[in-house]
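As a plain string of letters, each chain reads:
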Amino acid sequence: MTEQIDAGMVARRIAESDRLGSPDPGREIGRARRRKEDARLITGRTLWTDDIQLPGMLYVAFLRSPMAHARITRVDTSAARNQPGVAAVYTGRDFAAEQGSLPCAWPVTEDIVIPDHPPMAVEEVRYVGEAVACVVATDRYKAADALEAIEVDYEPLEPVLDMTEALAEGSPKVHEAGNRSFTWKFSGGDVEAAFRDAPVVIERTYVQQRLIPTAMEPRAVVATTDGTAFTLYSSTQIPHVLRVMLALTTGIPEHLLRVVAPDVGGGFGSKLQVTAEEVLCLLLTRRLGKPVKWTESRSEGNLTVHHGRDQLQRITLAAERDGRIRGMRADLLADMGAYLMLVTPGIPILGAFMYNGIYKMDAYDFTCTGVFTTKMPTDAYRGAGRPEATFAIERAVDELAHELGMDPVEVRRRNWITHQEFPYTTIAGLTYDSGNYEAATDRALALFGYDKLRAEQADRRDRRDPVQLGIGVSTYTEMCGLAPSRVLGSLSYGAGGWEHATVRLLPTGKVEVVTGTSPHGQGHETAWSQIAADAMGVPFEDVAVLHGDTTVAPKGMDTYGSRSLVIGGVAVLQACEKVKDRARKLAAHMLEASPDDIEFSGGTFSVRGTSAGKTIQELALAAFAAHDLPEGFEPRLDADVTFDPQNFSFPHGTHLCAVEVDTETGMTKIRSYVAVDDVGNVVNPLIVEGQVHGGIAQGIGQALFEEAVYDSEGNLLTTTMTDYLIPSAADLPEFVTDRTETPATSNALGVKGVGEAGTIAATPAVVNAVVDALRPYGVRDVRMPCSPERIWRAISESGGAAAGWAGPTEAEGGER
Amino acid sequence: MPRITVTVDGIVYEEEVEPRLLLVHLLRDRLGKTGTPVGCDTGNCGACTVMLDGRSAKSCSVLAVQADGSDVVTIEGLARNGRLHPMQEAFHAEHALQCGYCTPGMIMAAVDLLKDDPDPSDEAIRRGLEGNLCRCTGYCNIVRAVRRGAQEMSGEGVRTS
């Protein structure tokens, strides 16, 4: 009953909407193209990793530690081995000689402690959920049954759960080498001088709670071998990086290992990882000679997909009475969890360059200590270090404004880099190439109705309304487009930050774009088609984008850090230009003209000043036939580019949030949310808007709903979606979004990246709004997530108002 | 093992199943209907939503034996005669999906929502889809899509399973 439905048919049926502005006529870039990807996604004809069925395939299930910290004293698999349908049962000891250690590619300091990280625990477990044994069986149910028959004896050890206590003398140790992994320092300007005699000093501690990324598709892995070569299908963001790392970890030669990322259902950093399950599935298929599949359950995923954030931030600002910031200190403890995974230690370090935000200051000092605990390791989660930094500075600036009795927008104006000052080298050493914070902020204030909301807030305060209005401001920037390879090298990262593209003009004039980026919801098939269609002068429909398979797209650095368009998209453009350079030579030959006299427009190469021309399709066929080519001209119209950027890109924007907080119940309702982002030039406004929407939702999630909670024994209490709350449609408002466009000067497309902006901006906007609502009660912070209970407690414990105003009381009876 | 008869996307299947087999695993592992994905194990996310005798059901929370004698429509059976369902078109038109993993369930839930309320307000849409989680879109475009789908469907009558 499957009907043939293709993207073209879908496209024909749906008129282009101009909701997002009219593009230049005849240009693909800037046009709100509906996505090519959708045709398979809306009809259920996707291929997720768990959809893959191979002949003779066996199913893998992992037995996981129920203890946060324990020595494994005995594992008995014999009963499990004898259960029906069970092909094999293995413990960590069975793979001890070949499983290696899961890699950490970012040793941030010379003396960093990187503990051995066996994919399956051999002697000791260090977090609840760590794999201890595995079953391979003929179906999912039988594999799960057999897990229950495995007996493990543990000798409990002390859990290590609190970072400050972990660093104290006499703390139980997660690893022999102790609980400190590294201390990384950075400093710019004379911080002592900035703080000496500073008229105003703001000192705050913020808790970046632990988050669970929660991509909708749980992880899955399929591994197979023909006895010589191996193929690994994985729900991953990084097929290329994974191939290299798996080859190094397992010893399977890189050229005999193919990694495929089929359709991938979201990542948000959580699939930027080399996982125990990927390594073990490869080892299992090697040992058993059969294809194997492992798919996690959500509960298993909450335990064992790397977590995000989890930092303790001590922030100190020194300022003048007029609001000008003199300097800043950021002192962090970052919870690594039990092991260092792929980029675990680098995450807080990425934030180091962002604590100064969009502001000018004379001095800045940053220290971060990475701490081991007996919890799931942390690693990249949307924004990865930058949301934490932005939260800290944006919260602290609001505190400064409050301290000085100034409007928070005004304090920002007095400190931010003005648009005339770009390019601007910040105190953290980055050179922001372009931006216009004034324009984005003014636009946001207008859309938000800032003054009117302030008036309403004053009125509610006067009336001592039990429902108080809070207004939150967040003016953020971020470093995107990870990253110039030389910068990554200077930060001790184990790889480069380039991206690869191949563009092939096929004999019939169609175009194949091969990209090293690996989309999992970002719409690269559509956006890269737009870039190539414009550059090559071919119809959008005539471009196909290939990705996510190391055989099809052999070279790449994959998708994370808002890098894909800024680096990968630029690589596509450059590869198109190279193909056109070749085509121009061929056209000149065929038209008997000099290449210098050949113009290109709308897909046709013509001799300047004449009507003689060749279409790119005609040239494609001519190159294929190769009957009459210029001397020494290879018969091909294709090109490769590996593009390494010279700088990061710096999207920015202003987000404003209004919340209504019921001071009697602690319930927060987002009344309105306005985001004006500047992501430079826009290839597809529909995709950009979608990224902003989703980013804001995740930022709100951190602010109001989400937290991974461990109990005092190190058990994760939030293993299900009932306990770990990601926002539903009912929890969120309609977002008002708009853009300013200040092109990036660092790349040919003028683009900056948009994947993380919303998440980075939203969290401080919302928390600033919540705190703003509660200022009359003397509340100056609410720990995230700002749940009704936390808000209610903050009010109850504030013990009266800073402004001599304790809010509505029973006796006064607030209006209802 | 119990023997069940279940119609899925217009095909009648006779299957012997373990009593504990979930409907979603019958669909995915036995019948090859992988268009319906699994997003959680506690009935929270709604990714596996299908139509069971004309009403939406989370197929991870239904045993295959409970579906004996039932008519199941999955996302793969929603398009008819080469034409997408208006809700599928609306999700495409409004960019109501990014990774697309929640989309099959979201579309099925949206179609069901309109059976009770053919012209829902934005708030009713948000409430009605509370049991279907999306991590990519922030829901704004999903709400727009459901509104658009409702308009399209009101023009030609509700056409579902």
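Small disclaimer: the values here were computed from a predicted structure and weren't measured.

Cut-off values and rules
- Sequence positions are assigned chain by chain, starting from 1 and proceeding in written order.
- As a convention, the first chain written is A and the first ligand written is 1, with the rest following in written order.
- Only residues with pLDDT of 70 or above have their local features reported here, since the model is predicted, and side-chain atom pairs are shown and tallied only from 80 upward, although totals for entire chains, interfaces and linings are computed over all residues.
- As a rule here, side-chain values cover all heavy atoms of the structure and leave hydrogens and water aside.
- As a rule, the C-alpha atoms of each element are fitted with a line to give its axis, helices using only the stretch in contact, and angles between N-to-C directions run from 0 to 180 degrees.
- We count a stretch as a helix when DSSP gives it H or I for four or more residues in a row; a strand needs E for two or more, and each element gets its number in order from the N terminus.
- For classification purposes, an angle smaller than 35 degrees is called roughly parallel, one larger than 145 roughly antiparallel, one from 65 to 115 roughly perpendicular, and anything else oblique.
- Note on convention: the crossing is left-handed when the near helix lies turned anticlockwise from the far helix by less than a right angle, right-handed when the turn is clockwise.
- Throughout, a contact is declared for two residues whenever any of their heavy atoms are within 4.5 Å.
- Amino acid classes used here: Ala, Val, Leu, Ile, Met, Phe, Trp, Tyr, Cys and Pro are nonpolar; Asp, Glu, Lys and Arg are charged; the rest, including Gly, are polar.
- Two parts placed together each lose some accessible area under a 1.4 Å probe, and the buried area is that loss summed for both.
- We count a salt bridge whenever a side-chain nitrogen from Lys or Arg sits within 4 Å of a carboxyl oxygen from Asp or Glu.
- Domain limits in this description derive from either an automatic procedure or a database domain assignment.
- What a helix is expected to span follows from its residue count: subtract one and scale by 1.5 Å.
- Burial here depends on accessible area, computed with a 1.4 Å probe over protein chains only, as a share of the maximum for the residue type. Under 20% is buried, over 50% is exposed, and the range in between is partly exposed.
- To obtain the arc, one takes the directions from the helix axis to the C-beta atoms.
- Residues adjacent in sequence count toward polar contacts only when both atoms are side-chain atoms; beyond that, a polar contact is any pair of N or O atoms within 3.5 Å, and within protein one must be able to donate a hydrogen and the other to accept it.
- UniProt positions are given in the numbering used here, feature names are shortened, and annotations may be inferred rather than shown by experiment.
- Strands pair, by our definition, only if DSSP identifies at least two bridges between them.

Here's the deal with the packing of helix α11 (residues 386-404) of chain A against helix α20 (residues 757-774) of chain A
All names here are of chain A. Packing of α11 against α20 leaves a shortest axis separation of 8 Å and a crossing angle of 30 degrees. Of the possible angle classes, the one that applies to α11 and α20 is roughly parallel. Considering only the axes of α11 and α20, their crossing is right-handed. Contacts between α11 and α20 involve R386, P387, T390, F391, E394, R395, D398 and E399 from the former and I760, T763, P764, V767, N768 and V771 from the latter. A breakdown of the residues in the contact of α11 with α20 according to their chemical character gives 6 nonpolar, 3 polar and 5 charged.

Some remarks on the interface of chain B and chain A
Counting residues at the interface gives 56 residues for chain B, matched by 61 residues for chain A. In this assembly, chain B packs against chain A so that about 5,200 Å² is buried in total across both faces, 53% of it on carbon and sulfur atoms. The interface formed by chain B and chain A includes 8 salt bridges. Linking E734 of chain A and R126 of chain B is a salt bridge whose minimum nitrogen-to-oxygen distance equals 3.9 Å. Contributing elements (two or more residues each) for the side of chain B that touches chain A: α1 (23-30), α2 (86-93), α3 (103-116), α4 (122-128) and α5 (140-156) of chain B. Counting residues per element, the side of chain B that touches chain A draws most heavily on α2 of chain B, which supplies 5 residues. Of the residues assigned to the side of chain B that touches chain A, the class counts are 22 nonpolar, 18 polar and 16 charged.

Describing the domain arrangement of chain B
Residues and elements named next belong to chain B. Along its sequence, chain B is organised into domain 1 (3-77) and domain 2 (86-156). Facing the 18 residues of domain 1 at the interface are 14 residues of domain 2. A buried area of about 1,300 Å², summed over both sides, lies between domain 1 and domain 2, and 55% of it is on carbon and sulfur atoms. For the pair domain 1 and domain 2, the interface holds 2 salt bridges. The closest approach of N and O atoms between R55 and D112, which form a salt bridge, is 2.7 Å. Looking at the side of domain 1 that touches domain 2, the elements with two or more residues in it are β3 (49-52) and β4 (55-58). Class assignment for the residues of the side of domain 1 that touches domain 2 results in 8 nonpolar, 8 polar and 2 charged.

Points about helix α13 (residues 437-448) of chain A
Residue and element names in this part refer to chain A. Over its 12 residues, α13 extends 16 Å from the first C-alpha to the last, a length consistent with the 16 Å expected when each residue adds 1.5 Å. Along α13, the positions that sit buried rather than exposed are Y437, E438, A440, T441, A444, L445 and F448. Buried positions in α13, seen along its axis, are confined to an arc of 165 degrees and lie on one side of it. For α13, the elements touching its buried residues are α12 (408-415), β17 (431-432), α14 (450-463), β18 (467-477), β26 (652-662) and β27 (668-678). Its side-chain oxygen 3.4 Å from the backbone nitrogen of E438, N436 forms the N-cap of α13. Looking one or two residues past α13, G449 carries a phi angle of roughly 70 degrees, positive in sign.

Let's talk about the domain arrangement of chain A
All names here are of chain A. Split by domain assignment, chain A resolves into domain 1 (50-157 + 219-295), domain 2 (308-481 + 647-797) and domain 3 (498-643). On a C-alpha basis, the centres of domain 1 and domain 3 stand 40 Å from each other. Approximately 1,200 Å² of surface area, both sides summed, lies buried where domain 1 meets domain 3, with 50% of it carried by carbon and sulfur atoms. Among the residues domain 1 hides against domain 3, the three largest losses belong to Q237, H240 and R258. Together they make up 47% of the total.

Re the UniProt feature "domain: Aldehyde oxidase/xanthine dehydrogenase a/b hammerhead" (unreviewed entry) in chain A
UniProt marks residues 43-158 of chain A with the feature "domain: Aldehyde oxidase/xanthine dehydrogenase a/b hammerhead" (unreviewed entry), using the numbering shown here. Secondary structure content for residues 43-158 of chain A is 10% helix and 30% strand, while the C-alpha to C-alpha distance between its ends is 51 Å.

Observations concerning the sheet that holds strand β2 (residues 70-76) of chain A
Residues and elements named next belong to chain A. The sheet built from 3 strands is open, its strands ordered β4-β2-β6 with antiparallel pairing. Edge positions in the sheet fall to β4 (124-125) and β6 (151-156), since each of these pairs with one other strand and no more. As paired elements, β2 and β6 share 6 bridges and run antiparallel to each other. In the strand pairing of β6, D76 is matched with E151.

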